[in-house]
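# Structure at a glance
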Amino acid sequence: MAVTYLMLARLPQGGLGAFDAYESAVLPLLAEHGGRLERRLRTLDDQVEAHLITFPTSQDLAAYRADPRRSAAAPLLESSGAAVELLAVRDVQ
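Okay, so let's go over this structure. If you're wondering where the values come from, they're calculated on a predicted model, not measured in any experiment.

### What to know about the pattern of salt bridges
Per the counting criterion, the structure on display carries 7 salt bridges. Close ionic contact of Arg40 with Glu49 constitutes a salt bridge, the shortest N to O distance being 2.5 Å. A salt bridge links Arg69 to Asp67; its shortest N-O distance comes to 2.8 Å. Accessibility expressed as a relative area gives 41% for Arg69, which makes it partly exposed. Residues participating in the shared-partner salt-bridge network are Asp20, Arg40, Arg42 and Glu49.

Laid out in structure tokens, this is it:
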């Protein structure tokens, strides 16, 4: 059964450039692990970004997170100063 995640990144002033560079490096890796970016949203003030991402299984997310190319890009995320939350979510009927 597919698993959907909500990623929230809170960005400090001046962190957007490094965060965008990080996203450019890691978002293309999603598909290699079965992931799909359903939606990518950003607040009008560029301070919060949200992703709705689906993976076939939680193991596929774990493989994505363990990808060495993602680890290599981690300094960009760190330099952005972003505070990131990852939440498993479900549709509410």
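### Side note on the side chain of Thr54
Mapped onto the elements, Thr54 comes out in strand 3 (residues 48-55). Among the residues examined, Thr54 registers a relative accessible area of 13% and is labelled buried. Within the structure, Thr54 has its side chain in polar contact with the side chain of Thr4 (distance 3.4 Å). When sequence neighbours within four positions are dropped, the list of residues in contact with Thr54 reads Ala2, Val3, Thr4, Gly34, Gly35, Arg36 and Glu38.

### Some points on the nonpolar core
What tends to happen in soluble globular proteins is that the nonpolar side chains get buried as a cluster. Counting residues in each nonpolar core, the largest one holds 11 residues, listed as Tyr5, Tyr22, Val26, Leu27, Leu29, Leu30, Ile53, Phe55, Leu61, Tyr64 and Ala73. Setting aside residues no more than four positions away along its own chain, Leu29 makes contact with Tyr64, Asp67, Arg69 and Arg70. Of all hydrophobic cores here, the second largest spans 5 residues; its members include Met7, Ala9, Phe19 and Ala82.

### Remarks on the environment of Tyr64
Here Tyr64 shows up in helix 2 (residues 58-66). Sequence spacing of Tyr64 and Leu11 is 53 residues, and the spatial spacing of their C-alpha atoms is 22 Å. In this view, Tyr64 contacts Val26, Leu27, Leu29, Leu30, His33, Phe55 and Arg70; residues no more than four positions away in its chain are not counted.

What counts, and where the lines are drawn
Residues numbered from 1 in each chain as written. Predicted model: local features only at pLDDT ≥ 70, side-chain atom pairs only at ≥ 80, totals over all residues. Heavy atoms only, no water. Salt bridge = Lys/Arg side-chain N within 4 Å of Asp/Glu carboxyl O. Buried < 20%, exposed > 50% of the residue type's maximum accessible area, 1.4 Å probe, protein only. Helix = DSSP H or I, 4+ residues; strand = E, 2+ residues; numbered from the N terminus. Polar contact = N/O pair within 3.5 Å; in protein donor to acceptor, adjacent residues only side chain to side chain. Contact = heavy atoms within 4.5 Å. Core = buried A, V, L, I, M, F, W, Y, C linked by side-chain atoms within 4.5 Å.

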